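Notes for the structure review
Below, each chain spelled out in residue letters.
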Amino acid sequence: MAFRGAPENRVPVDRNAAAGIDAYLEYSRIVGNDDNGITFTPEEYEKYKREVLPMRLKNRVYVSWVNPTGMDCVLIGPETQCFCKHRYKQHQTDFKELPNTRPILLPCKEYGCPCATFTYVPKNGSQSIRCGCKHVTDDHKVTRPFNCTKSGCKCTGFKSSYTCNCGEPCHAHYTLVENKEEREARGHPVGQDVPYQAMGGITGFSSLADGYLRLDPSGRGRPDESFFNQPISSQDHPFLRQYAHADMVKNAKGELVPSKEAISAQRKPGESELDYYERRYQERAKAERTSKPKPIQSNPYDQNAKLATGSRTYKK
């Protein structure tokens, strides 16, 4: 086998050992901490799968951090951290029967942790966000309303002004726990049934992206048709401008004609290479001067669209 990196960091394994590593990873994703640190025997492992997997597939709960418009800004996965600092996989995620009461509580299973249910709290990069009382999450209790524990602080509950990428403040979001039927009713994807523990809201690779970047119904949704059909301009990325020669638009008579950029991208008769690039530069500079300034976070989607229950509806 070929290895890269410093020799002291190489761990050579043969095919049989690699298969054993894959089997252990599969085991850890299915069992998690249910073996209490003592690996199941093959018989115990098969018994565990017969008893737990049907229940897990039937009663899976989907967990997401939702903004006021219904967008799943963050889809919770096994390693997502709770306000109590424990991971989602360290909370109760398997149910023999789903409770009829709402919200569904997911208490922490770690010894001595008073956390009553999983509560997501975002981070500012790798740093904890701060409450309005200027103290970080570590300085607050792990039970609602997350009062501050600093001496003399009059904070009555954790409330941060940190703004999510969707534009809504942190305190306007909430952690939503729902079953498969409830999620389908909202029009959000449920993915395939998988045997792994504590999958939360993860349904595919796109689930790892923030809600404002996802194009499925749980995120921003599909861009407006005009976004896909707009002609190529001199301000677009060079990789896109290289196809400008084939860009066609309809004129007033409904006929397909080359776009303005397609005509401009062609060198004119008698034009030298230096003159061509100078003309193209001046055209882009003029377009930048005359175009409207873009917002800090430019939005290529329909500004009037509002996400509600997984589909885009338009304001009247």
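Residues numbered from 1 in each chain as written. Predicted model: local features only at pLDDT ≥ 70, side-chain atom pairs only at ≥ 80, totals over all residues. Heavy atoms only, no water.

**Some details on the overall build of the protein**
- In terms of regular secondary structure, the protein is built from seven helices and nine strands.
- A fraction of 55% describes how many contacts in the protein between residues 6 or more apart in sequence connect residues 24 or more apart.
- About 20,800 Å² of surface is accessible on the protein, with carbon and sulfur atoms providing 53% of the total. (Helix = DSSP H or I, 4+ residues; strand = E, 2+ residues; numbered from the N terminus. Contact = heavy atoms within 4.5 Å. Areas by Shrake-Rupley, 256 points an atom, 1.4 Å probe, with all protein chains shown as cover.)

**Regarding the side chain of Ser264**
- Mapped onto the fold, Ser264 is located in helix H6 (residues 260-264).
- The class of Ser264 is buried, set by a relative accessible area of 11%.
- In this structure, Ser264 is in contact with Tyr276, Arg279, Arg280 and Glu283, ignoring residues within four places of it in sequence. (Buried < 20%, exposed > 50% of the residue type's maximum accessible area, 1.4 Å probe, protein only.)

**Notes on the packing of aromatic side chains**
- Considering all chains together, one arrives at nine aromatic pairs under this definition.
- Look at Tyr27 and Phe40: their rings are 6.3 Å apart centre to centre, the planes differ by 85 degrees, and that puts the pair in the edge-to-face class. Taken together, the residues span a long stretch of sequence, with Tyr27 in helix H1 (residues 15-31) and Phe40 in the loop between H1 and helix H2 (42-58) at a distance of 13 residues.
- Three or more aromatic residues joined by ring pairs form one cluster here, namely Tyr24, Tyr27, Phe40, Tyr45 and Tyr48.
- The ring of Tyr276 has Arg267 sitting right over it, with the charged end atom 6.0 Å from the ring centre. (Phe/Tyr/Trp six-rings, centres within 6.5 Å; stacked < 30°, edge-to-face > 60°. Lys NZ or Arg CZ within 6 Å of the ring centre and 35° of its normal.)

**Remarks on the pairing of strand E1 (residues 62-66)**
- A large share of E1 lies buried, amounting to five of its five residues.
- Residues of E1 alternate between two faces, with Tyr62, Ser64 and Val66 on one and Val63 and Trp65 on the opposite face, all of them buried.
- As paired strands, E1 and strand E5 (residues 174-178) are joined by five bridges and run antiparallel to one another. Across the sheet, residue Tyr62 finds its bridge partner in E5, namely Glu178.
- Taken together, the three bridges between E1 and strand E2 (residues 72-75) define a ladder with antiparallel strand orientation. The partner of Val66 across the bridge, within E2, is Asp72.
- The antiparallel pairing of E1 with E2 creates a hairpin that spans five residues between the two strands, and Gly70 there sits at a positive phi of about 100 degrees. (Pairing = 2+ DSSP bridges.)

**Notes on the environment of Arg186**
- The residue Arg186 is located in the loop between helix H3 (180-185) and helix H4 (225-229) in this model.
- On the basis of relative accessibility, which here comes to 15%, the residue Arg186 falls in the buried class.
- At 3.1 Å, the side chain of Arg186 and the side chain of Asp72 are in polar contact. (Polar contact = N/O pair within 3.5 Å; in protein donor to acceptor, adjacent residues only side chain to side chain.)

**Regarding a nonpolar patch on the surface**
- Judged by side-chain polarity, Ile21, Tyr24 and Leu25 come together as a nonpolar surface patch covering roughly 290 Å² of accessible area.
- In this structure, Leu25 sits in helix H1. (Patch = residues over 30% accessible without salt bridge, like charges linked within 9 Å, V, L, I, M, F, W, Y side chains within 5 Å. Salt bridge = Lys/Arg side-chain N within 4 Å of Asp/Glu carboxyl O.)

**Let's talk about the pattern of salt bridges**
- Under the criterion given, the structure shown has 17 salt bridges.
- The closest approach of N and O atoms between Asp94 and Arg56, which form a salt bridge, is 2.9 Å. Taken together, the residues span a long stretch of sequence, with Asp94 in the loop between E2 and strand E3 (123-124) and Arg56 in helix H2 at a distance of 38 residues.
- Arg56 gets classed as buried once you look at its relative accessible area, which sits at 5%.
- A salt bridge links Arg186 to Asp72; the nearest nitrogen and oxygen atoms lie 3.1 Å apart. One end of the pair, Arg186, is in the loop between H3 and H4; the other, Asp72, is in strand E2, with 114 residues separating them in the sequence.
- Where salt bridges share partners, they join Glu261, Glu271, Arg279, Arg280 and Glu283 into one cluster.

Treat this as a map of the structure, not an account of what it does.
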